[in-house]
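# Observations on the three-dimensional arrangement
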Amino acid sequence: MNVISNHMPTADLQRLDAAHHMHPFTAGSELAEKGARVITSAKGVMLTDSDGHQILDAMSGLWCVNIGYGREELAEAAARQMRELPYYNTFFQTTHVPAIALSAKLAEIAPRDLNHVFYAGSGSEANDTNIRLVRHYWAQKGQPDRNIIISRTNAYHGSTLGGGSLGGMSGMQNQGVPVIPGIHHIDQPDWWSEGGDMSPHDFGLACARQLEDAIKQHGPDRVAAFIGEPVQGAGGVIVPPDSYWPEIQRICDDYGILLIADEVICGFGRTGHWFGSDYMGIRPDIMTIAKGLSSGYAPIGGSLVCDEVAQVVNDAGDFNHGYTYSGHPVACAVALENLRILQEERIVENVCNKIAPYLADKWTQLTDHPLVGEAKIVGMMGSIALTPDKAARAKFKADAGTVGLHCRGRCFDNGLVMRHVGDRMIIAPPLVITESEIDTLIDRAVQSLDETYDLIRAEGLYQAA
Ligand SMILES: *Cc1c(COP(=O)(O)O)cnc(C)c1O
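Residues numbered from 1 in each chain as written. Predicted model: local features only at pLDDT ≥ 70, side-chain atom pairs only at ≥ 80, totals over all residues. Heavy atoms only, no water.

Per an unreviewed UniProt entry, the protein chain goes by the name Taurine--pyruvate aminotransferase and belongs to Pseudooctadecabacter jejudonensis. The UniProt entry for the protein chain carries the following comment under Cofactor (unreviewed entry): "pyridoxal 5'-phosphate". Entered under Sequence similarities (unreviewed entry) in the UniProt record, the comment concerning the protein chain runs "Belongs to the class-III pyridoxal-phosphate-dependent aminotransferase family." (UniProt positions renumbered as here; feature names shortened; annotations may be inferred.)

Here it is in structure tokens:
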């Protein structure tokens, strides 16, 4: 067999890819026609593709490469661990040093009494764990009928059957999910798209109070938990109005239901705090973690669990749940090294005090552009809403996402990875991005917006619905 290497011509790599590789969240045939972009290496915030182009990765891969690409220390940690103990499981009363060390470190970093961690290989798996964990918890408390979980439309909680059922993204529904019974969705707090004539404050309260209505509808003794991302990520970096999370917390407290914060994106410095829950001032009972936990260098996720829930589950005999790779030693060693770097280089503090304010200043100025309605930003995650009419917060007449897709294409060609969610453009750059790299990001974004503006006017797409 021929060696498949970076030195093969791009077209050959693309042909082999199209022949044998089914891609996530991708129309396979369409991709086969165009050929996938082949990324060959990366350093800091810059990707290099197989044609030698340099692309600024303003999405940190998939929101995960928090410390940036090319950190030798993580490669060393992985190699060291592979040599010493490449694998052992954590089932049946065994453990190993990397899992012990990472668990203790996470307990130190996590807020309050989230002192216990159940490991998974990804965020999706961790949310599957959470479904079982909260239902098992209430059953052990003598309330087996308390099994309903309330989530939100346009939420993203992963792509397994459990994660997909918890999530509320329209594009995923009717492709095999939702299948888990007992999951109820309330509206997302997206004021720009759905707030109508309400003020953001009133809209935030109204959305939160849908939780209370849902609890009353099902019966307060039937609802096990509420799950939400502190800031919705994949849904389009939807930053809820300030009134939203305090009201959600009040309702969870009043009815004694568990609060699950899905911190897969918000965790590990993304918001300028260690966790999005800290930023929002909420007190979750369980947090889902993954992505930035290892900066994406190794696949690992988990559930951070408070003392009370862990105690009940631990006292209930075997919890018949787990993954072969729960607490994988190499992934734990990599995550631990990642956390060491985040702490010792004071990366989260630097985001909060220096880099996020710098980015926010530039990002919010994008609203001067004729195409840009609102610009939202929390820490190192931001979004802009593209609109043909700012004052009316109008949508485009063309199918949702048409203009966004054009803009994403312009960005790629200008050496910038910026993602589109419908007609929102989103960024989540590595936390280590510098001020001059932010200037480059903004320059390329503005150029891409200008080109998109010209393009959609030429094509007759600059029309309100
Ligand atoms: C990415 C993501 C997940 C799923 O994580 P995977 O590692 O892709 O399974 C879950 N929740 C949120 C909020 C995410 O952004």
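In terms of helices and strands, the protein chain carries 16 helices and 15 strands. For 465 residues, the compact-globule estimate of 2.2 N^0.38 gives 23 Å, and the protein chain sits close to it at 22 Å. The dimensions of the protein chain, computed from C-alpha atoms along their principal axes, are 65 × 60 × 45 Å. For the protein chain, the residues scored as buried account for 52% of the 465 residues in total. Taking the intrachain contacts of the protein chain between residues at least 6 apart in sequence as the baseline, contacts between residues at least 24 apart amount to 71%. About 20,100 Å² of surface is accessible on the protein chain, with carbon and sulfur atoms providing 51% of the total. Measuring between centres, the 36 positive side-chain charges of the protein chain sit 1 Å from its 56 negative side-chain charges. (Helix = DSSP H or I, 4+ residues; strand = E, 2+ residues; numbered from the N terminus. Rg over C-alpha atoms; globule rule 2.2 N^0.38 Å. Buried < 20%, exposed > 50% of the residue type's maximum accessible area, 1.4 Å probe, protein only. Contact = heavy atoms within 4.5 Å. Areas by Shrake-Rupley, 256 points an atom, 1.4 Å probe, with all protein chains shown as cover. Lys, Arg positive; Asp, Glu negative; His and termini not counted. Charge placed at Lys NZ, Arg CZ, Asp CG, Glu CD.)

Around the ligand sit S122, G123, S124, N127, Y156, H157, G158, E229, D262, V264, I265 and K291, and that is every residue in its neighbourhood. In the environment of the ligand, an oxygen atom lies 2.5 Å from a nitrogen or oxygen atom belonging to the side chain of S124. K291 places a polar side-chain atom, nitrogen or oxygen, 2.7 Å from an oxygen atom of the ligand. For the ligand, the accessible surface in isolation is 380 Å², of which the surrounding protein chains cover 85%. At three residues, helix 6 (residues 123-140) tops the list of elements feeding residues into the shell around the ligand. Taken together, the residues that form the shell around the ligand break down as three nonpolar, six polar and three charged. (Near = heavy atom within 4 Å. Polar contact = N/O pair within 3.5 Å; in protein donor to acceptor, adjacent residues only side chain to side chain. Nonpolar A, V, L, I, M, F, W, Y, C, P; charged D, E, K, R; others polar.)

This part takes up the pattern of salt bridges. As enumerated under the stated definition, the model contains 16 salt bridges in all. Three or more residues joined by partner-sharing salt bridges are found here, namely R209, E212, E247, R250 and D254. (Salt bridge = Lys/Arg side-chain N within 4 Å of Asp/Glu carboxyl O.)

All right, on to the side chain of N130 then. Mapped onto the fold, N130 is located in helix 6. Excluding residues within four positions of it along the chain, N130 makes contact with I260, I286, T288 and S303.

Under the counting rule described, the total for this entry stands at nine aromatic pairs. Pairing F118 with F319 gives two aromatic rings, centres 5.7 Å apart and planes at 70 degrees, and the pair type is edge-to-face. Here F319 lies in the loop between helix 12 (307-314) and helix 13 (329-344) and F118 lies in strand 4 (residues 116-120), a separation of 201 residues in the sequence. Of the residues examined, F319 reaches a relative accessible area of 18% and is grouped as buried. Ring centres 5.3 Å apart and planes at 85 degrees place the aromatic pair Y453 and Y462 in the edge-to-face group. (Phe/Tyr/Trp six-rings, centres within 6.5 Å; stacked < 30°, edge-to-face > 60°.)

This next bit is on the side chain of S295. Structurally, the position occupied by S295 is in the loop between strand 9 (286-289) and strand 10 (301-305). By relative accessible area, which is 0% here, S295 ends up buried. Reaching out from S295, the side chain makes a polar contact with the backbone nitrogen of I67 at a distance of 3.1 Å. Those residues in contact with S295 that lie beyond four places of it in its chain are C64, V65, N66, I67 and N338.

Another point: the packing of helix 9 (residues 200-218) against helix 10 (residues 244-255). Where helix 9 contacts helix 10, the axes come no closer than 8 Å and their chain directions differ by 20 degrees. Taken together, the axes of helix 9 and helix 10 are roughly parallel relative to one another. The hand of the helix 9/helix 10 crossing is right-handed. On the side of helix 9, the interface is formed by G204, L205, C207, A208, R209, L211, E212, I215 and K216, while helix 10 contributes Y244, E247, I248, R250, I251, C252 and Y255. The residue inventory of the contact of helix 9 with helix 10, partitioned by class, reads 10 nonpolar, one polar and five charged. (Axes fitted to C-alpha atoms, helices over the stretch in contact; angles between N-to-C directions. Parallel < 35°, antiparallel > 145°, perpendicular 65-115°, else oblique. Left-handed = near helix turned anticlockwise from the far one by under 90°.)

Turning to the sheet that holds strand 13 (residues 416-417), a few remarks are in order. Reading across from one edge, 1-2-3-13 is the order of the four strands in this open sheet, with mixed pairing throughout. The open sheet has two edge strands with one neighbour each: strand 1 (39-43) and strand 13. Pairing between strand 2 (residues 46-49) and strand 3 (residues 54-57): three bridges, direction antiparallel. Of the residues in strand 3, the one forming a bridge with L47 is I55. Across the face of the sheet, helix 16 (residues 435-458) comes into contact with strand 2, strand 3 and strand 13 while running at roughly 100 degrees to strand 3. (Pairing = 2+ DSSP bridges.)

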